[in-house]
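# Working through the structure, step by step
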Amino acid sequence: ISPDQSTLAIGCEDGRIRLFSIYERTVEFLRGFEAADVAKNGESARILSLAWDSQGTSLISGSASGSIKLWNPSTGRPIHSISLTNLSIWSVAFCDSQTFVTGDSKGQVQFWDIRSGTLLQSFPAFGADVLSLTCLDEKRIFASGVDHKIVEFVKVTAPNAVGHIADKWIIGGKRYFHTHDVKSLTCLTIKYENESLLE
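This text gives an overview of the structure that appears in the document. Values in this document were obtained by computation on a predicted structure and should not be read as measured data. (Residues numbered from 1 in each chain as written. Predicted model: local features only at pLDDT ≥ 70, side-chain atom pairs only at ≥ 80, totals over all residues. Heavy atoms only, no water.)

## Focus on the overall build of the protein chain
- Looking only at helices and strands, the protein chain features zero helices and 15 strands.
- Taken over the C-alpha trace, the protein chain has a radius of gyration of 18 Å; the compact-globule value for 199 residues is 16 Å, and the two agree within 12%.
- C-alpha atoms of the protein chain, sized along the principal axes, occupy 50 × 50 × 40 Å.
- The buried share among the 199 residues of the protein chain stands at 43%.
- Sequence-distant contacts in the protein chain: of pairs separated by 6 or more residues, those separated by 24 or more amount to 38%.
- Of the roughly 11,400 Å² of accessible surface on the protein chain, 50% is carried by carbon and sulfur atoms. (Helix = DSSP H or I, 4+ residues; strand = E, 2+ residues; numbered from the N terminus. Rg over C-alpha atoms; globule rule 2.2 N^0.38 Å. Buried < 20%, exposed > 50% of the residue type's maximum accessible area, 1.4 Å probe, protein only. Contact = heavy atoms within 4.5 Å. Areas by Shrake-Rupley, 256 points an atom, 1.4 Å probe, with all protein chains shown as cover.)

Encoded structure:
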């Protein structure tokens, strides 16, 4: 669902994304995008993951055949297209206005530049598929999946290889909270009306 709660994006089995208006409790078809991927050599073109940016002006998709695309929802056309081989993109998320992150079937969590579509950092943080990603804020991301752990990624400011100060992502911690696949994560803030309930 888009940040303004007006549009639903659906990733389909045929590799296409379709947008629906959900304004005032009605669901109406708006437009379909061009195919994100085309099935070939027995591979599926199925869209596995979708995410809106915080402004609702961009949409990112990941497919079963390793295609990652950054879309303009107004035109239904891709801004960037990235093709990875021999893996599936199970999860995608926007970190901020400059970076997005993907989780794949090889256990990698990868950070990408939005403007150029280039890889910034890659973490082989898992031994199996990364099924879910969620951003707490612009500096903390959590990932989980088939492995029995949740991994936190933290953005820090540090000198790069040539001595310039730059932002980079590091693994902030790992926790083993479960014994099964985690297919979805979200972050939330719980506010209590009566603080005495916490005593």
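## With respect to the sheet that holds strand β14 (residues 150-159)
- Overall, antiparallel pairing links the four strands, which are arranged β12-β13-β14-β15 in an open sheet. The sheet terminates laterally at β12 (130-137) and β15 (165-175), the two strands that pair on one side only. The mean inter-strand angle of the sheet, taken between neighbouring strand axes irrespective of direction, is 25°.
- Examined bridge by bridge, β14 and β15 share ten bridges and lie antiparallel to one another. Paired with Val154 across the two strands is Ile170, which belongs to β15. (Pairing = 2+ DSSP bridges. Axes fitted to C-alpha atoms, helices over the stretch in contact; angles between N-to-C directions.)

## Looking at the sheet that holds strand β6 (residues 67-72)
- Reading across the sheet, the four strands line up as β4-β5-β6-β7 and stay open at both edges, with antiparallel pairing between neighbours. Two strands in the sheet have a free side with no partner beyond their single neighbour: β4 (47-52) and β7 (77-83). Neighbouring strand axes in the sheet, compared pairwise and without regard to direction, differ in orientation by 15° on average.

## Considerations on the nonpolar core
- Membership of the largest hydrophobic core comes to 15 residues, with the highest contact counts inside it found for Val101, Val109, Phe111, Leu133, Ile141 and Phe153.
- Counting only elements with at least two residues in this core, the list comes to β10 (109-113), β12, β13 (140-145) and β14.
- Sequence-distant contacts of Ile141, that is, excluding residues within four places in its chain, are made with Cys95, Val101, Phe111, Leu133, Thr134, Cys135, Val151, Glu152, Phe153 and Trp169.
- Val92, Phe94, Phe100 and Ile114 belong to the second-largest nonpolar core, a separate cluster that totals twelve residues. (Core = buried A, V, L, I, M, F, W, Y, C linked by side-chain atoms within 4.5 Å.)

## Thoughts on a nonpolar patch on the surface
- Judged by side-chain polarity, Leu188, Ile190 and Tyr192 come together as a nonpolar surface patch covering roughly 340 Å² of accessible area.
- By secondary structure assignment, the location of Tyr192 is in the segment after β15. (Patch = residues over 30% accessible without salt bridge, like charges linked within 9 Å, V, L, I, M, F, W, Y side chains within 5 Å. Salt bridge = Lys/Arg side-chain N within 4 Å of Asp/Glu carboxyl O.)

## Comments concerning the pattern of salt bridges
- All told, the structure shown has six salt bridges when counted by the stated rule.
- Residue Asp147 is joined to Lys149 by a salt bridge in which the shortest nitrogen-to-oxygen separation is 3.9 Å.

## Here's the deal with the side chain of Ser132
- Secondary-structure assignment places Ser132 in strand β12.
- You can call Ser132 buried: its relative accessible area is 3%.
- Of note is the side chain of Ser132, whose polar atom sits 3.3 Å from the backbone oxygen of Val182. (Polar contact = N/O pair within 3.5 Å; in protein donor to acceptor, adjacent residues only side chain to side chain.)

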